[in-house]
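What follows is the residue order along each chain.
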Amino acid sequence: MWEENLRAQLRSRYAPRRRRRQDSGSSKASKRARKTPIPADDYADPDRISSLPDTVLRHILSFLDTKYAVVTSVLSTRWKDLCISLPNIVLDDSLTFKKRKKNFEKAFEKFACRQILLRNVPNINRFRLKSNFIEDSTIGDIVCAAICCKVKEIDLWVGDSTTVGILPLELFICNSLVVLKLRAVVELYVWESVSLPNLKVLHLTDFMLDGDRSMSRLFRGCKFVEELCLSRCSFGNNKVLNLSFPLLRKLSIDYGDGNFMDFFDDSNSKCKLIIDTPNLEFFEYHGHENEFHLVKNLNSLVRAKISFITKVKNWENVSELFNKMHGVKSLYLSDSALEVMYSNCSSLSVFEALTFLELSVFDIRILPNVLEIAPQLKEIVIHK
Amino acid sequence: MSSSTELTEKKVFLLKSLDGVIFEVEESVAVQLEVIRELIEGDCARPFISLYNVTSEILALVIEYCKHHAETCSGGTSATIADEDLKTFDNEFMNVDENILLELCSAADYLDIKSLFELTCRTLASLIKDRTIIEVRKMFNVENDFSVVEEKAVRKEFAWAFK
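Residues numbered from 1 in each chain as written. Chains lettered and ligands numbered in written order. Predicted model: local features only at pLDDT ≥ 70, side-chain atom pairs only at ≥ 80, totals over all residues. Heavy atoms only, no water.

**Focus: the overall build of chain B**
Of the regular secondary structure elements, chain B holds 8 helices and 3 strands. Sequence-ordered secondary structure for chain B, helices as α and strands as β, is β-β-α-α-β-α-α-α-α-α-α. Computed over C-alpha atoms, the radius of gyration of chain B comes to 20 Å, more than 25% over the 15 Å expected from 2.2 N^0.38 for 163 residues, which places it beyond the range of a compact globule. Projected onto its principal axes, the C-alpha positions of chain B cover 65 × 40 × 25 Å. Contacts in chain B between residues at least 24 apart in sequence constitute 55% of all its contacts with a sequence separation of at least 6. For chain B, the exposed area adds up to about 9,400 Å²; of that, 51% sits on carbon and sulfur atoms. Positive and negative side-chain charges in chain B, numbering 17 and 31 respectively, have mean positions lying 8 Å apart. (Helix = DSSP H or I, 4+ residues; strand = E, 2+ residues; numbered from the N terminus. Rg over C-alpha atoms; globule rule 2.2 N^0.38 Å. Contact = heavy atoms within 4.5 Å. Areas by Shrake-Rupley, 256 points an atom, 1.4 Å probe, with all protein chains shown as cover. Lys, Arg positive; Asp, Glu negative; His and termini not counted. Charge placed at Lys NZ, Arg CZ, Asp CG, Glu CD.)

Encoded structure:
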């Protein structure tokens, strides 16, 4: 198994330091054992929490950000090593250092490696890392190690990094992975053979998915996702964004506000969107008036939120989308999306099931038009 | 609480606590204890079950919790209302002193009641989070058995976590 080999490799890279520490630890322990134990007070309350089994204490600690869990290691010798093998690991170095401090960074990095590479409880449920300071190569190692521990959920936010190729290729062939959330301003290059057969949730934020192949490889490799969120992603020179997922239930596409687009370019506005999602129940879109006529299947849709960054110029595209959403029960529309709806209602098919409508602006004069297109409407909520 | 040994029409189980008190619970409540559900599914459930690790004080609380959860979930109210109701109940239920909380956690672990185990662990974690080490030691009577040198070494090792 490649996981085993990789783990052995990583271990050999980080283990020697640990061995020294273990030795010194055990000699300390034997010294302590030689000390005469302090007699316990007969009437003192017993220490109930420390008598809970390791698994329970670890479970308690795993509700804390790992930083707070680590602090408990000075409670007593019983607690000293508990924080090393937590099932959930939540590391956030912005919580840890207010300002950069070299030796803290090293210690944090070392801890992160130890936490994952040298754990004695093999599996990791959730691994979250938010880091500005850890070196790229180390992040790669840590992620690799987490993958070897059959991690189910990875949430990675490498804030200021702009390095290409920070993510190890192993991340994209991880069988155990169920949730993958990546947030970083990096160009994502994806390997030939992406295989994430158990992935259910995929969130990409601040990503540049360049080149047709990277994106189609990634999406092809995780066919069975049920939730997909693309926030402030740039699709580079892709002319088509093909979102065909048979089991997808939730889809959110957010191009952010205009500012972000300047950072890359505005090529997204030329990108056609193909949506073929027969099981989609929730659809959220904030972006340009793309060429929506490639929407193939939204038959299960129940709830939708549609807003556009700019005023809609080409109503036909958007009308096409609205016509595909006819089964929706609850709908949010931004002012530009609403405009298309009420000004164009004669050419739109009726929203037979729509009962709940949320709007950002409303003028009573458009009510007849809205009711014409949504005869079952019961409630309108206006957000200011 | 009842010590009757007769079985009524509805399937009931008698649970005996560590200190010998017997509780009568309906099947819908009993199955929330994963240990008992497994017995029932394996057809090994006897109507009389001894629970050796739980005192009557704690078992009464556990049964109260399971009863409320069983009733709310089968009550026919909409899911969101039931959720709200359970949330308020859980919050109030966790309003007990630390020792009871620890025993509830331990009992939930032993009886394998997932939701109660999660609830107690989360509550204990929140108690630890907002306190200094000295306060946590005091609250749970954790005795500091580090020597001064050892404690200093641990603090140095994890210096980044102590700010």
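More follows now that the structure is in view.
**Quick look at helix α7 (residues 133-140) of chain B**
All names here are of chain B. Within α7, the full set of buried residues consists of Ile 133, Val 136, Arg 137, Met 139 and Phe 140. Here the buried residues of α7 occupy an arc of 165° about the axis, which is enough to place them on one side. For α7, exposure combined with an orientation more than 90 degrees from the buried face picks out Ile 134 and Lys 138. Count one or two residues on from α7 and you reach Asn 141, which has phi positive near 55°. (Buried < 20%, exposed > 50% of the residue type's maximum accessible area, 1.4 Å probe, protein only. Arc of directions from axis to C-beta.)

**A word on the packing of helix α6 (residues 114-129) of chain B against α7 of chain B**
All names here are of chain B. Interhelical geometry of α6 versus α7 gives an angle of 135° and a closest axis separation of 9 Å. Overall, the two elements α6 and α7 adopt an arrangement that is oblique. Between α6 and α7, the residues in contact are Leu 124, Leu 127 and Ile 128 and Val 136, Met 139 and Phe 140, respectively. Partitioned by chemical class, the residues of the contact of α6 with α7 number 6 nonpolar, no polar and no charged. (Axes fitted to C-alpha atoms, helices over the stretch in contact; angles between N-to-C directions. Parallel < 35°, antiparallel > 145°, perpendicular 65-115°, else oblique. Nonpolar A, V, L, I, M, F, W, Y, C, P; charged D, E, K, R; others polar.)

**Details of the packing of aromatic side chains**
The geometry of an aromatic ring pair comes down to the distance between the two centres and the angle between the two planes. All names here are of chain A. Taken as a whole, this structure holds 8 aromatic pairs over all chains when the rule is applied. The rings of Tyr 255, Phe 283, Tyr 285 and Phe 308 are connected pair by pair, giving a single aromatic cluster. Stacked on the ring of Trp 157, the Lys or Arg Lys 130 has its end atom at 4.5 Å from the ring centre. Arg 183 extends its terminal NZ or CZ atom over the ring of Trp 157, reaching a point 3.8 Å from the ring centre. (Phe/Tyr/Trp six-rings, centres within 6.5 Å; stacked < 30°, edge-to-face > 60°. Lys NZ or Arg CZ within 6 Å of the ring centre and 35° of its normal.)

**Focus: helix α8 (residues 148-157) of chain B**
Side chains of residues three or four places apart in an α-helix project in the same direction, reflecting 3.6 residues per turn. Residues and elements named next belong to chain B. Residues of α8 that are buried: Glu 150, Glu 151 and Val 154. Down the axis of α8, the buried set is contained in an arc of 100°. They therefore lie on one face. Exposed and oriented more than 90 degrees from the buried face of α8 are Val 148, Val 149, Lys 152 and Lys 156.

**Considering the environment of Leu 116 of chain B**
Residues and elements named next belong to chain B. By the element assignment, Leu 116 lies in helix α6. Among the residues examined, Leu 116 registers a relative accessible area of 0% and is labelled buried. Leu 116 sits 54 residues away from Val 62 along the chain, and the two C-alpha atoms are 8.4 Å apart. Excluding anything up to four places from it in sequence, Leu 116 contacts Val 62, Tyr 65, Phe 93 and Ala 108.

**Some thoughts on the side chain of Ser 76 of chain A**
With respect to the helices and strands, the residue Ser 76 of chain A is situated in the loop between α3 (66-71) and β1 (88-92). The exposure class assigned to Ser 76 of chain A is buried, which follows from its relative accessible area of 3%. Those residues within four positions of Ser 76 of chain A in sequence are excluded, and the remaining contacts are Val 142, Glu 143, Asp 145 and Phe 146 of chain B.

**Considering the nonpolar core**
Counting 153 residues, the largest nonpolar core has Phe 127, Leu 243 and Phe 322 of chain A as its most contacted members. Not counting the four nearest positions on each side in its chain, Phe 322 of chain A is found in contact with Ile 306, Leu 333, Ala 337, Val 340, Met 341, Leu 348 and Phe 351 of chain A. (Core = buried A, V, L, I, M, F, W, Y, C linked by side-chain atoms within 4.5 Å.)

**Some thoughts on the sheet that holds strand β11 (residues 295-297) of chain A**
Across a sheet, strands are paired by hydrogen bonds formed along the backbone, either parallel or antiparallel in direction. Residue and element names in this part refer to chain A. With parallel pairing, the 3 strands of this open sheet are ordered in space as β7-β9-β11. Looking at the sheet topology across the chains shown, the edges are occupied by β7 (240-244) and β11. Averaged over all pairs of adjacent strands, the angle between their axes in this sheet comes to 5°, without regard to strand direction. By the bridge criterion, 2 bridges tie strand β9 (residues 272-276) to β11 in an arrangement that is parallel. Counterpart to Asp 276 in the pairing with β11 is Asn 297. (Pairing = 2+ DSSP bridges.)

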